[in-house]
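Residue-level listing of the chains:
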Amino acid sequence: MDPVVIPILVAAIVVIFLVAATVRIVPQARRYNIERFGRYRRTLQPGLNLVLPVADRVNSKLDVREQVYSSEPKPVITEDNLVVNIDTVLYYQITDPRSAAYEVADYLHAIDQLTVTTLRNVIGSMDLEGTLTSREEINARLRAVLDDATGKWGIRVNRVEIKAIDPPNTIKEAMEKQMRAERDKRAAILHAEGERQAKILTAEGTKQKDILEAQGTQQAMILRADGEAKAVEHVFQAVHRNNADPKVLAYKYLETLPHLASSDNNTFWVIPGELTEAVRTVTRAFGDEPPAGAPASVRPEEGAVTDSDGAADGDGMPELDAGSAFPLDAARATDEAEKQAAAAVSDAKAEAEAAQSPQVPHRGQASDD
């Protein structure tokens with residue numbers, strides 16, 4: 001080999017080595033700490049950087065992106081002396097690569113221990129119930145303490161979250177029983193409230209129904225009473241306009257008697273004392289008035305045979321006196337009243353005809369011819 005070529009090759013290799021040792025390419029979101037003869041010199045930014053060969057070297061390569069660190073569960077004692085295991089999730093970011101590399105030996109271990117001690121201080125002032133229900137408060141207090149402590153390390157704690165709180169198994173069982181009891185209580189209360197509302201609505205509906213029915217009945221009775229009053233008034237005015245005499249009124253009175261016992265609730269019927277007066281009025285209308293003081297009697301029809309006591313046989317009618325009452329039932333009283341009224345009217349008509357025709361002998365008298 002040519003002796004000139006060897007020095008050239010050696011010089012080329014040295015140049016390549018020097019160039020490679022001088023040029024440093026830093027990726028995005030990375031930071032390189034450069035030391036010159038063991039002392040911090042500067043921090044390389046992303047891109048192409050030149051360093052002094054042999055004198056400068058890279059001490060640490062740091063990632064300045066936001067990092068996530070999940071710690072292992074740590075035992076913590078609450079204020080009511082219960083041991084719970086709590087594990088946290090930490091979100092942090094390196095803001096000063098020099099401080100992160102030279103102010104603390106292992107920033108992750110330092111953050112983990114600081115988180116544990118802060119948790120014990122915070123949760124030690126709370127009971128189990130407060131620990132389980134105050135996660136936001138615990139997170140805020142942890143973040144404030146960690147952010148203040150890690151600021152000098154060149155690290156910013158963006159967020160701290162409690163991932164899990166694990167109480168002892170006995171406490172879990174007690175909590176489950178309590179939760180079940182609370183849910184049963186709420187279910188019973190809701191059921192009772194539902195029944196109460198249903199009863200209230202039913203009572204209000206019944207009340208409204210009774211009120212409406214009562215109002216309807218009241219209106220119907222008022223309208224019925226108004227109608228009856230107007231009917232009686234019209235009848236009264238018609239009677240007065242036609243100047244009806246007592247004879248017609250007495251005859252209508254006799255026609256009304258059978259309707260007195262038309263109700264199903266009547267068990268006996270009393271013949272009023274005005275019956276004989278009505279019969280007497282009808283008799284006077286068609287014939288002679290009976291002697292004063294003598295009770296008006298109804299003569300038997302023709303062909304009726306009387307016994308020795310003067311009582312009529314099966315077809316005759318008993319004598320009616322003023323104020324007499326028959327303890328008969330409703331149907332029998334109605335029949336008796338109809339028969340008596342019919343007999344009285346028939347007898348009165350016969351006497352009137354006999355009085356107008358002298359040639360015809362009166363009913364009930366024996367003929368001499």
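**Some remarks on the packing of aromatic side chains**
Here is step 1 of the chain: Scanning the model with the defined rule gives 2 aromatic pairs in all.
Here is step 2 of the chain: For the ring pair Tyr 40 and Tyr 102, a centre distance of 5.6 Å and an interplane angle of 70° mean the geometry is edge-to-face. With Tyr 40 in strand S3 (residues 39-44) and Tyr 102 in helix H2 (residues 97-102), this residue pair connects regions lying 62 residues apart in the sequence.
Here is step 3 of the chain: Residue class for Tyr 40 comes out partly exposed when judged on its relative accessible area of 26%.
Here is step 4 of the chain: Here Tyr 92 and Tyr 107 contribute two aromatic rings whose centre-to-centre distance is 6.1 Å and whose plane-to-plane angle is 65°, an arrangement assigned as edge-to-face. Highlighted residues: Tyr 92 in strand S8 (residues 83-94) and Tyr 107 in helix H3 (residues 107-123), separated in sequence by 15 residues. Take Tyr 92 and Tyr 107: they sit in the same class, and that class is buried.

**Things to note about the pattern of salt bridges**
Here is step 1 of the chain: One pass over the full model with this rule turns up 9 salt bridges.
Here is step 2 of the chain: Asp 112 is the salt-bridge partner of Lys 74, the closest N and O atoms lying 3.9 Å from each other. Note that Lys 74 is positioned in strand S7 (residues 74-77) and Asp 112 in helix H3, a separation of 38 residues in sequence.
Here is step 3 of the chain: The class for Lys 74 is buried, based on a relative accessible area of 17%.
Here is step 4 of the chain: Taking the shortest distance from any N to any O, the salt bridge between Glu 161 and Arg 159 comes out at 2.7 Å.
Here is step 5 of the chain: Taken together, the shared-partner salt bridges in this structure form one network comprising Arg 30, Asp 63 and Arg 65.

**Here we look at the sheet that holds strand S2 (residues 30-36)**
Hydrogen bonds between backbone groups are what pair the strands of a sheet, and the pairing can be parallel or antiparallel.
Here is step 1 of the chain: Ordered in space as S3-S2-S5, the 3 strands form an open sheet in which the pairing is antiparallel. Each edge of the sheet is formed by a strand with only one pairing partner; in this case those strands are S3 and strand S5 (56-63). Adjacent strand axes in the sheet meet at a mean angle of 25°, parallel and antiparallel pairs treated alike.
Here is step 2 of the chain: Sheet topology note: the S2/S3 ladder contains 5 bridges and is antiparallel. Bridging across to S3, Asn 33 finds its partner in Thr 43.

**Quick look at a negative patch on the surface**
Here is step 1 of the chain: A surface patch of negative charge is lined by Glu 79, Asp 80, Asp 127 and Glu 129.
Here is step 2 of the chain: Topologically, Asp 80 is positioned in the loop between S7 and S8.
Here is step 3 of the chain: Residue Asp 80 is classed as partly exposed on the basis of its relative accessible area, which comes to 36%.

**Digging into the nonpolar core**
Here is step 1 of the chain: Membership of the largest hydrophobic core comes to 28 residues, with the highest contact counts inside it found for Ile 86, Leu 90, Leu 119, Ile 138 and Ile 155.
Here is step 2 of the chain: Ranked by the residues each element gives to this core, the list is headed by H3, at 7 residues.
Here is step 3 of the chain: Setting aside chain neighbours within four positions, we find Leu 119 in contact with Val 76, Ile 86, Thr 88, Gly 124, Ile 138, Leu 142 and Ile 162.
Here is step 4 of the chain: Within the second largest apolar cluster, 5 residues are counted, among which are Tyr 32, Ile 34, Leu 44 and Val 51.

**With respect to helix H5 (residues 135-150)**
Here is step 1 of the chain: Compared with an ideal rise of 1.5 Å per residue, which puts 16 residues at 22 Å, H5 spans 22 Å between its outermost C-alpha atoms and is within 8% of the ideal.
Here is step 2 of the chain: Looking only at H5, the buried set comprises Ile 138, Asn 139, Leu 142, Leu 146 and Thr 150. Seen end-on, H5 carries its buried residues on one side only, within an arc spanning 95°. Facing away from the buried surface of H5 by more than 90 degrees, the exposed residues are Glu 136 and Asp 148.
Here is step 3 of the chain: Those residues of H5 that are buried lie in contact with S8, H3, helix H4 (128-133) and strand S9 (155-166).

Definitions and cut-offs
- Residues numbered from 1 in each chain as written.
- Predicted model: local features only at pLDDT ≥ 70, side-chain atom pairs only at ≥ 80, totals over all residues.
- Heavy atoms only, no water.
- Phe/Tyr/Trp six-rings, centres within 6.5 Å; stacked < 30°, edge-to-face > 60°.
- Helix = DSSP H or I, 4+ residues; strand = E, 2+ residues; numbered from the N terminus.
- Buried < 20%, exposed > 50% of the residue type's maximum accessible area, 1.4 Å probe, protein only.
- Salt bridge = Lys/Arg side-chain N within 4 Å of Asp/Glu carboxyl O.
- Pairing = 2+ DSSP bridges.
- Axes fitted to C-alpha atoms, helices over the stretch in contact; angles between N-to-C directions.
- Patch = residues over 30% accessible without salt bridge, like charges linked within 9 Å, V, L, I, M, F, W, Y side chains within 5 Å.
- Areas by Shrake-Rupley, 256 points an atom, 1.4 Å probe, with all protein chains shown as cover.
- Lys, Arg positive; Asp, Glu negative; His and termini not counted.
- Charge placed at Lys NZ, Arg CZ, Asp CG, Glu CD.
- Core = buried A, V, L, I, M, F, W, Y, C linked by side-chain atoms within 4.5 Å.
- Contact = heavy atoms within 4.5 Å.
- Expected span 1.5 Å × (residues − 1).
- Arc of directions from axis to C-beta.

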